Amino acid sequence: MKSKKKRKKRKKGGFGRGLYRTLVAISALIVALFAIYKLSAQKLTTSGEKPLTIDQATPTDDPDTAQDESQQAPGLERKDATWTFLLCAEDQVSGSTDVIMVCTYDTKNQKVGLVSIPRDTLVDRPGWKDHKINAMYAAGKLYDPPDGGVKQLRAAVSEVLGIPIDYYAMVDTKLFVALVDAVNGVDFNVPVHMSYDAPDQNLHIHYEPGMQHLTGQQALEVVRCRKNSDGQGEYPHNIYDAYPDADVGRTRTQQEMLKTIAKKVLQNPQKAPQYVELMSKYVKTDLSLGNLLWLVQPALKFDFANLTTATLPGDGSKNYKGTSWVYELDIEGSLSIINNCLNPYTTPVTEDMVRMPRGE
């Protein structure tokens, strides 16, 4: 009897020691992972570049004449721990950019400004025949491969806003679909009637206004829709436009969708490895893995009440040098948005710092 009791005690003690060793191993793994995170995380840096002027833009007929962009604009001081990002997505049909947004993230005060630049925004850059900002990407790829597309779009955006762009992310729309599916869809309030069919693109968009649960593909269709092919339009200049304020309305929907997806993603942090895999597959960016790891910590603390969204105001019915339906920015209204949402400087961006041509 005694020998059995001893054996039982030894067995119990062995289990305790095994559990202890397991806990020690797990603790060591956590410490190791934390150490790797700390060693790998790389704080972001500012571009330090002066916002590009038209004299620094690379003309299509001489792509080798780009000027040095490394100098800081004199007399301008950057806010602490604040960075700017160009976020864009390529149009799957035209090769231009279908989405152009700029984000400024103040990690110290946990504030984010997200501003959409309408795709037809008027630009005038010496040597370039295109006068819509969304065409800068396609033209840059054509005349200055392989990275000229992003380079020229970045330069054009910097010119328009009067601020430097620290980092960029060119997103494949497949990421959009995959992320939404990874979080089992999103609930979204579709704002307008959408009815568009493009058999050549295998694209069929049919939604009515109201809250509904969307898969990744459905969410992509909602944000892509600009026009209706059933003649039920809203815009006085074009009966096929889905929104009463044309592309401005669509950018507003894009912002709301991004906000909805971001909230759902952050509510599921256990899927972080899947998110990283998807981003590495579908996003082209100059942010390093270390930069992304560094951003994780402040991002997890972010309160979406501190997110401000806007679209640059203007008039999309203008003409300019033979190009019709360009979007002429409202300078005063745009400056207000730039300073409230995007300005990375400690002093205001002024009219002499931006480049917003006037239409005809």
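These figures come from a predicted structure and were not determined experimentally. (Residues numbered from 1 in each chain as written. Predicted model: local features only at pLDDT ≥ 70, side-chain atom pairs only at ≥ 80, totals over all residues. Heavy atoms only, no water.)

### Quick notes on the overall build of the protein
And then number 1: A count of helical and extended segments in the protein gives 9 helices and 12 strands.
And then number 2: The proportion of buried residues among the 360 residues of the protein is 45%.
And then number 3: Taking as baseline every contact in the protein between residues at least 6 positions apart, the subset at least 24 positions apart corresponds to 64%.
And then number 4: Accessible surface computed for the protein: about 18,700 Å², of which carbon and sulfur atoms make up 55%. (Helix = DSSP H or I, 4+ residues; strand = E, 2+ residues; numbered from the N terminus. Buried < 20%, exposed > 50% of the residue type's maximum accessible area, 1.4 Å probe, protein only. Contact = heavy atoms within 4.5 Å. Areas by Shrake-Rupley, 256 points an atom, 1.4 Å probe, with all protein chains shown as cover.)

### Here we look at the packing of helix H2 (residues 135-143) against helix H3 (residues 148-161)
And then number 1: For the pair H2 and H3, the least separation of the axes is 6 Å and the interaxial angle reads 140°. What the angle tells us is that H2 and H3 run oblique. For the crossing formed where H2 meets H3, the hand is right-handed. Between H2 and H3, the residues in contact are Met136, Tyr137, Gly140 and Lys141 and Gly148, Gly149, Val150, Gln152, Leu153 and Ala156, respectively. (Axes fitted to C-alpha atoms, helices over the stretch in contact; angles between N-to-C directions. Parallel < 35°, antiparallel > 145°, perpendicular 65-115°, else oblique. Left-handed = near helix turned anticlockwise from the far one by under 90°.)

### Considerations on the nonpolar core
And then number 1: Ranked by size, the top nonpolar core spans 38 residues in total, and within it Leu86, Val102, Ile117, Ile133, Leu153, Val157 and Leu161 carry the most contacts.
And then number 2: Among the secondary structure elements, those contributing two or more residues to this core are strand S1 (82-90), strand S2 (97-106), H2, H3, strand S4 (167-171), strand S12 (323-329) and helix H9 (331-342).
And then number 3: Membership of the second largest hydrophobic core comes to 31 residues, among which are Val177, Leu179, Val180 and Cys225. (Core = buried A, V, L, I, M, F, W, Y, C linked by side-chain atoms within 4.5 Å.)

### Quick notes on the pairing of S1
Each regular strand shows side chains that alternate between the opposite faces of the sheet.
And then number 1: In terms of residue burial, S1 counts as a mostly covered element, since 7 of its 9 residues are buried.
And then number 2: Pairing of S1 with S4, which is carried by 5 bridges, proceeds in the parallel orientation. Counterpart to Leu87 in the pairing with S4 is Ala169. (Pairing = 2+ DSSP bridges.)

### What to know about the pattern of salt bridges
And then number 1: All told, the structure shown has 14 salt bridges when counted by the stated rule.
And then number 2: For Arg78, the salt bridge identified is with Asp166, shortest N-O distance 2.7 Å. Here Arg78 is found in the loop between helix H1 (2-40) and S1, whereas its partner Asp166 is found in the loop between H3 and S4, with 88 residues between them in sequence. Comparing Arg78 with Asp166, the two get one shared label, buried.
And then number 3: A salt bridge links Asp120 to Lys132; its shortest N-O distance comes to 3.9 Å. With Asp120 in the loop between strand S3 (111-116) and H2 and Lys132 in the loop between S3 and H2, this residue pair connects regions lying 12 residues apart in the sequence.
And then number 4: Where salt bridges share partners, they join Asp98, Arg119, Asp247 and Arg250 into one cluster. (Salt bridge = Lys/Arg side-chain N within 4 Å of Asp/Glu carboxyl O.)

### Regarding the packing of aromatic side chains
And then number 1: Counting across every chain of the model gives 5 aromatic pairs.
And then number 2: Ring geometry for Phe85 and Tyr167: centres 6.0 Å apart, planes at 25°, overall stacked. Of this pair, Phe85 sits in strand S1 while Tyr167 sits in strand S4, and the two are 82 residues apart along the sequence.
And then number 3: Linked through ring pairs, Tyr105, Phe302 and Phe304 together constitute an aromatic cluster. (Phe/Tyr/Trp six-rings, centres within 6.5 Å; stacked < 30°, edge-to-face > 60°.)

### Structural notes on the confidence of the model for the protein
And then number 1: Within the protein, residue pLDDT values average 80, and 77% of them lie at 70 or more.
And then number 2: With pLDDT under 50 throughout, residues 27-39 is counted as low confidence; its partners more than four residues away or in other chains account for 4 contacts.
And then number 3: Confidence drops under pLDDT 50 across residues 49-72; counting only partners more than four residues distant or on other chains, this segment forms 53 contacts. (pLDDT = per-residue confidence, 0-100.)

### Regarding the environment of Gly359
And then number 1: Relative to the helices and strands, Gly359 is located in the segment after H9.
And then number 2: Residues Gly359 and Lys318, 41 residues apart in the sequence, show an inter-C-alpha distance of 5.5 Å.
And then number 3: Contact partners of Gly359, with chain neighbours within four places excluded, come to Leu122, Lys318, Asn319, Tyr320 and Glu328.

### Overview of helix H6 (residues 247-266)
And then number 1: Taking 1.5 Å per residue, 20 residues should reach 28 Å; H6 reaches 29 Å between its end C-alpha atoms and fits that length.
And then number 2: Among the residues of H6, those classed as buried are Asp247, Val248, Gly249, Arg250, Thr251, Thr253, Gln254, Gln255, Met257, Lys259, Ile261 and Val265. (Expected span 1.5 Å × (residues − 1).)

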